[in-house]
Amino acid sequence: MTDTLFSADLLNTPIGFTASLIIGILFGVVLERAGFGSSRRIAGVFYFTDMAVVKVMFSALITAMLGLIYLNATGLLALDAVYQMPTVWGAQLVGGVIFGAGFVMSGWCPGTSAVGMASGKTDALVFFGGVMLGSIFFNEAFDAIKPLYGWGKQGITFAYDTVGISKNVFAILFSLMAVAVFWISEYLERRKSGTSKNQGARFQKVFGAVVVIVALGIFILPDTTAVSPKPRPPQVSADQQSETRLMAQVDQAADHIEPEELADRMMSGEPDLLVVDVRSPREYASFHLKGAVNVPLEELAAYLAAYKNSGLIVLYSNGMTHPAQARDSLARLGFNNVYFLTDGMTGFSQRCLKPVSLRRAPVSRETAEKVKGWREYFLRQG
Amino acid sequence: MERQPEKLANPYLTGVLLGLVLLSSFTLLGAGLGASGGMARLSAWMEGLIAPGHTLASPYFGRWGQEPLSYYLVFMLAGIFLGACVSALASNRFKLGAEKGASFPTNLRLLYSLIGGVLIGFASRLAAGCTSGQALTGGALLLSGSLVFLLSLFATGYALARLFRRQWND
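These numbers come from a predicted model, not from an experiment. (Residues numbered from 1 in each chain as written. Chains lettered and ligands numbered in written order. Predicted model: local features only at pLDDT ≥ 70, side-chain atom pairs only at ≥ 80, totals over all residues. Heavy atoms only, no water.)

The α-helix winds at 3.6 residues per turn, so residues separated by three or four positions along the chain end up facing the same way. All names here are of chain A. Within helix α16 (residues 344-353), burial applies to Gly 344, Met 345, Gly 347, Phe 348, Cys 352 and Leu 353. Projected down its long axis, α16 shows its buried positions confined to an angular sector of 165°, all on one face. On its buried face, α16 sits against α12 (259-267), β6 (312-316), β7 (338-341) and α17 (365-379). (Buried < 20%, exposed > 50% of the residue type's maximum accessible area, 1.4 Å probe, protein only. Helix = DSSP H or I, 4+ residues; strand = E, 2+ residues; numbered from the N terminus. Arc of directions from axis to C-beta. Contact = heavy atoms within 4.5 Å.)

Looking now at the sheet that holds β7(A). All names here are of chain A. The strand order across the open sheet built from 5 strands is β3-β7-β6-β4-β5, with neighbouring strands paired in parallel fashion. Since the sheet does not close on itself, it has two edges, and those belong to β3 (256-257) and β5 (293-294), each with one partner. Summarising the sheet, strand β4 (residues 273-277) and β6 pair through 5 bridges and their orientation is parallel. Each residue of the ladder has a partner; that of Val 276, found in β6, is Leu 315. Sheet strands touched by α12: β3, β4, β6 and β7. Its angle to β4, the strand with the most contacts, is close to 120°. (Pairing = 2+ DSSP bridges. Axes fitted to C-alpha atoms, helices over the stretch in contact; angles between N-to-C directions.)

Here we come to the interface of chain A and chain B. Chain A puts 122 residues into the contact, and the matching count from chain B is 119 residues. Summed over both sides, the interface between chain A and chain B buries roughly 10900 Å², with carbon and sulfur atoms accounting for 74% of that surface. Between Asp123(A) and Arg109(B) there is a salt bridge, and its shortest N-O distance comes to 2.7 Å. At 17 residues, helix α4 (residues 89-106) of chain A tops the list of elements feeding residues into the side of chain A that touches chain B. Taken together, the residues of the side of chain A that touches chain B break down into 75 nonpolar, 35 polar and 12 charged. (Buried area = accessible area lost by both parts, 1.4 Å probe. Salt bridge = Lys/Arg side-chain N within 4 Å of Asp/Glu carboxyl O. Nonpolar A, V, L, I, M, F, W, Y, C, P; charged D, E, K, R; others polar.)

Let us look at the state of the cysteines. Per the counting criterion, the structure on display carries 0 disulfides over all chains. Here Cys109(A) stays unpaired: no disulfide links it, and the sulfur of Cys130(B), its closest cysteine neighbor, is 6.2 Å away. (Disulfide = S-S within 2.5 Å.)

Residue and element names in this part refer to chain A. Position of Leu 379 among the secondary structure elements: in helix α17. Between the C-alpha atoms of Leu 379 and Ala 159, which are 220 residues apart in sequence, the distance is 28 Å. Look past the residues within four positions of Leu 379 in its chain and what remains in contact with it is Phe 287, Leu 353 and Trp 374.

The structure is reproduced here in structure tokens:
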């Protein structure tokens, strides 16, 4: 497996910037060739007069999806070397609704508006100004938006797992759906304008057949799902130094987080906080901290690769032994943003969730209020 | 006589090409395509010019530090613009002006673009990406949230399409 600039931590260095610029140039050329420097053409998708957006988008989706599966199966690209965005159900659903309204209103989206500006379109320039204002507004209103921003946070979740079928079957169904969407698009265009815009029925048949054959091909690929990605070994030369640093962190107690602090930070919907439950799925199912994801210890390094050194990762189990060992192992792999929960779930229950009335020592009114808030947040179902 | 704009490429083959660009982005960068991220970084930079202390202390832009432009998506955005410039000039599709139906007032069309832009700037931050970064990139990775974003985007677009139809009428 080869490293990517992301997995080698070089994305935001001059070499990463140069590579991004080149990829961007190719992206810009392709979008312009597709005719996406025209808001009128883009908006045509909503009135069934020009379905280019759907055709290009789904062709690209299917190509990249199948390409990734082939590259992964042949060992050319490990998926954990690719940055994958966590799912946040509510934020992405609501974001999609607002985005869709803006899209049909303006006829632009961020990428195509850059192409529109390059093509001299003043409506694209005005749109771009709007995007800047909207981003600034988001920043200014962030404190109020935070709950929505973190609403339904899941960690990295795949659609085939959500639906409950295998990845290959999902990919085939997705490809078949795309072929159906292409046929419907052609039909709608023909009905609106009398003629098919770009190609005849013959091209349609050949293209559809190629998509299906390539999609079915993934079944003869070697099965990679059984082989879990190996964590990278730590660098030998840096061993001594990093162990010393690790010990210093343990000594300064810079490796754990107190239950009260974690509870407050989880409740405030902190966007960059990832809480990981490393207990068994059965224990996780019976009770877990709201918003935590369940990852078995042996999959931890692979799962957390995408979160390496960005944001805050907190591990917990019932006690402290396993998370502490896991944290040290992750630190050896170069993670500097992993913490574990002091006293584990047991401590969390005692210190944050135990009703004030059942406690032996009296608590201040302020603490009682906090406990009430925590109980409401963490014990309420759903 | 003026040169006619070139005929547009076959959308399916163009889509395959776009997929290959995305795939090379995954392989080389280890990240997909994105456009709104670069625009948000530009916004943070602009706000930083006007009110540096306030921006650094703000809860969202503040996390990007002193130099929000030192980010790979800013360079990708510059690349999109450059590549599109070259392609638009080469294919003779560069044309100054606002696009709209002939019978629709220009100012109203620009107002629609502005409001649409504000909504999309906001929504892209909320959903952590746009049509490129979430729908296309996340869709190809089969991420649940990205596909939800894709579906709700198009569903809303079609639901509201009638309201904004008039701007394209000739």
